[in-house]
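# Working through the structure, step by step
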Amino acid sequence: MKTYGYTKVDLTGGYLFEKQELNRTATIKAVYDRFDETGRVGAFRFDWKPGDDLRPHIFWDSDIAKWMEGAAYILAKHADPELEKKVDDLVALVKKNQDENGYFNIYYTVVEPENRFTDRECHELYCAGHMMEAAVAIAEATGKTDLLDCMEKYADHIHKVFVEDNSAGFFTPGHEEIELALVKMYRYTGKKKFLDLCAHFINTRGTVEEKRGDIYTQSHMPVREQAEAVGHSVRACYLYTGMADLAIETGDEALKAACRKLFDNMANCKMYVTGGLGSTYMGEAFTGAYDLPNDTAYAETCASIGMIFFAHRMMQMDGDAKYADMIELQLYNGMLSGLSADGAAFFYENPLEINLSEQYDSAYYGKRRFPITERVECFSCSCCPPNLNRVLPSMGQYVYGIEGDTLFVNQYIGSVLKDSGISCTMTTDYPRTGTISVKAEGTAKVALRIPGWCRGFTLNKPYVMEKGYAVVENDGEIILELDMQAYAVFADPRVLRDAGKLAIRRGPIVYCAEGVDNGSDLHSYLVKAGFKAAEVPCEFGLPALDIPCKKLLPLESGLYSAEMPGTEDAVLRMIPYNAFANRGESDMLVWLTAALG
């Protein structure tokens, strides 16, 4: 399946369009302002010297690069002279301060120039990759190629150091990212040298002895032999995305097979119900299969974004709706929970449970580190905010695809597709409702994704199911109705933390309960699987749910009893998980105690 790029698709309405507009009107500025205050923007002047405040960090280049990429996607659709000037000024500083040999990195120019390409864990190639992605985005959006020219020069220098001279202190990136960026450079310029350098890094990984060449950096074996997602979750997703890109371009069947195994391992053994990836803060990493603790879940926002990238490539590779399902899960839950309702604050990690009674901080007990209970405006390692900046304005690329004479509708968002000879208008208020209208021209058939979560649907035309898509003849308006009734979700019993519990989902949205609505004893609510939820208005743009249930009562005497605690009738208010922690600190729970019977 060939998917249409974001420049071909305009979002026109609905929940995700509103989030895209929030990014354009609030988040892109909020992130820039915080980056300016913390020294990231000024660092591009390359004028820091020992003794100065705000010493540049090894990954500041990447923070700004992601912001520039996001700004470029906005500029492609909306004229904004002030935003464009900020991008132009940053590009001018890159051009001014790039080394004559092509090298560009702030830290290793003004702080440790003698140590370039000596430490695998210090993110030089990671930063280079993000700068390359920004360069392609700016060129595509504005036609300006100054940064692209700089990054081509840098890529040539990297090739010389790592391939021709083999003079670096390591062989492959410690933090993967440059691999997928090089494929973007190749696709935009048509210059095969970029694809060849990507192939060099991917094919070398796991075949040579590296400093920290271990599971944490996915360097423990050749990539084509890897079948389990391991190590740092964001690095892993970026690597797998680059692998899929390379496999698509070269037709490498062994690489494709590895990508399929890795995707299935994550989706079926190592992913939270919200789409979160990475179950421990120790290394921001994957652990063993089915080890998914809720209150200490790391589930980094960037990992969900990385999974969106990987699933997008897999959708292009195999044309299976399960990959579009994954993109939807991450967009609405694992990713969006990282953004506050006002667009100005962020979560780095996204827990599935908060118990404020355990947030002790005293000389006797010490301080419990997790979970973080409120979003913040900037982090010392602030990779997630600019990652959101670049995903939200480019969401159009996930909506439509084409294969032969069939137009694929992969995501349900009010939108307009315009390409040579093909057009489509989708009208929907999904996921507030399940009604979707599609009017397409220029294709014989239309394939509509039937989400894996959907328990019932109707179409106004005869259809044939193929790989999770309902395929219909394109002979007039297509109306799809998806059943949006909320229902209970259960975990595999091997997920020990969720045994005897249920989660609640409505359409693509996972829900949670907060103490601000229900009191602090969220664990005392008992919910039957066959509940009938009442949908009620909610300040967060999607329906809240009122769930009839039982609530355990405190024991009348003592801490333990031979008798079951009594119960009372109750109603549990649930809100979209992506909106938790927007009303001050509060207990929060995704997995509820399941009532027997």
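Above: the structure in question.
Cut-offs applied
Residues numbered from 1 in each chain as written. Predicted model: local features only at pLDDT ≥ 70, side-chain atom pairs only at ≥ 80, totals over all residues. Heavy atoms only, no water. Helix = DSSP H or I, 4+ residues; strand = E, 2+ residues; numbered from the N terminus. Rg over C-alpha atoms; globule rule 2.2 N^0.38 Å. Buried < 20%, exposed > 50% of the residue type's maximum accessible area, 1.4 Å probe, protein only. Contact = heavy atoms within 4.5 Å. Areas by Shrake-Rupley, 256 points an atom, 1.4 Å probe, with all protein chains shown as cover. Lys, Arg positive; Asp, Glu negative; His and termini not counted. Charge placed at Lys NZ, Arg CZ, Asp CG, Glu CD. Pairing = 2+ DSSP bridges. Salt bridge = Lys/Arg side-chain N within 4 Å of Asp/Glu carboxyl O. Axes fitted to C-alpha atoms, helices over the stretch in contact; angles between N-to-C directions. Parallel < 35°, antiparallel > 145°, perpendicular 65-115°, else oblique. Left-handed = near helix turned anticlockwise from the far one by under 90°. Nonpolar A, V, L, I, M, F, W, Y, C, P; charged D, E, K, R; others polar. Expected span 1.5 Å × (residues − 1). Phe/Tyr/Trp six-rings, centres within 6.5 Å; stacked < 30°, edge-to-face > 60°. Lys NZ or Arg CZ within 6 Å of the ring centre and 35° of its normal.

Counting its regular elements, the chain contains 14 helices and 24 strands. Here the chain has a C-alpha radius of gyration of 24 Å; the compact-globule value for 597 residues is 25 Å, and the two agree. For the C-alpha atoms alone, the extent of the chain along its principal axes is close to 75 × 70 × 50 Å. Relative to its full complement of 597 residues, the chain shows a buried share of 59%. Across the chain, the fraction of contacts at a sequence separation of at least 24, relative to all contacts at a separation of at least 6, is 69%. Summed over its atoms, the accessible surface of the chain is roughly 22700 Å², and 50% of this surface lies on carbon and sulfur atoms. Here the chain carries 61 positive and 86 negative side-chain charges, and the mean point of each set is 2 Å from the other.

Of the strand pairs in this sheet, strand 1 (residues 2-3) and strand 6 (residues 400-403) are connected by two bridges, and their pairing is antiparallel. Bridged to K2 within strand 6 is I402. Where strand 6 meets strand 7 (residues 406-409), four bridges bridge the pair, whose relative direction is antiparallel. Of the residues in strand 7, the one forming a bridge with I402 is L407. Counting the residues between successive antiparallel strands, the hairpin from strand 6 to strand 7 contains two residues, one of them, G404, with a positive phi of roughly 60 degrees.

Between side chains of opposite charge, a pair can form when the charged atoms approach closely. The tally for this structure, following the rule as stated, stands at 48 salt bridges. The partner of E69 in a salt bridge is R390, and the shortest N-O contact between them spans 2.8 Å. On the criterion of sequence distance, the pair formed by E69 in helix 2 (residues 60-75) and R390 in helix 13 (residues 384-391) is long-range, its members being 321 residues apart. In this pair, the class of E69 matches that of R390, namely buried. With a closest N to O distance of 3.0 Å, D264 and K322 form a salt bridge. Residue D264 is located in helix 10 (residues 253-269), and its partner K322 is located in helix 12 (residues 321-335); the two are separated by 58 residues in the primary sequence. Judged by relative accessible area, which is 34%, K322 ranks as partly exposed. One network of salt bridges, in which partners are shared, links E69, E133, K184 and R390.

Along any regular strand the residues' side chains alternate between the sheet's two faces. Summarising the sheet, strand 9 (residues 422-428) and strand 10 (residues 435-441) pair through six bridges and their orientation is antiparallel. Considered in strand 10, the bridge of C424 is made with A440. Where strand 9 folds back on strand 10, the antiparallel hairpin that results is connected by six residues. Both strand 10 and strand 15 (residues 478-482) contribute to a ladder of four bridges, which runs antiparallel. Bridging from a neighbouring strand, V438 pairs with I478 of strand 15.

Right, let's talk about the sheet that holds strand 13 (residues 464-466) for a bit. Sheet strands line up and pair through hydrogen bonds in the backbone, either parallel or antiparallel. Across the sheet, six strands lie side by side as 1-6-7-11-14-13; this open sheet has mixed pairing. Strand pairing shows two members of the sheet lacking a second neighbour, strand 1 and strand 13, which therefore form its edges. Running over the sheet, helix 12 touches strand 11 (445-449) and strand 14 (469-473) and is turned about 50 degrees from strand 11.

What follows is about the sheet that holds strand 8 (residues 414-419). As summarised here, the arrangement of the six strands in space is 2-8-9-10-15-12, forming an open sheet in which the pairing is antiparallel. Because the sheet does not close on itself, it has two edges, and the strands there are strand 2 (9-13) and strand 12 (457-459). Each neighbouring strand pair of the sheet contributes to a mean axis angle of 15 degrees, computed without reference to strand direction.

The next subject is the packing of helix 10 against helix 12. Here helix 10 crosses helix 12 at 50 degrees, and the two axes come no closer than 12 Å. Between helix 10 and helix 12, the angle is such that the two are oblique. Between helix 10 and helix 12 lies a crossing of left-handed hand. On the side of helix 10, the interface is formed by R260, F263, D264 and A267, while helix 12 contributes K322, Y323 and M326. Of the residues in the contact of helix 10 with helix 12, the class split is four nonpolar, no polar and three charged.

A separate point is helix 2. With 16 residues, helix 2 ought to run about 22 Å at 1.5 Å a step, and its terminal C-alpha atoms sit 23 Å apart, in line with that. A large share of helix 2 lies buried, amounting to 16 of its 16 residues.

For the rest of this paragraph, the subject is the packing of aromatic side chains. How two aromatic rings sit relative to each other is set out by the distance from centre to centre and by the angle between their planes. Tallying each qualifying case throughout the model produces 23 aromatic pairs. Taking 6.3 Å as the distance between ring centres and 75 degrees as the angle between the ring planes, the aromatic pair formed by Y332 and Y430 counts as edge-to-face. Note that Y332 is positioned in helix 12 and Y430 in the loop between strand 9 and strand 10, a separation of 98 residues in sequence. Accessibility classification places Y332 together with Y430 in one group, the buried group. An aromatic cluster of three or more residues is present, and its members are Y103, F117, Y154, F162, F170 and F201. Above the plane of the ring of Y32 lies K86, whose end atom (NZ or CZ) is 4.3 Å from the centre.

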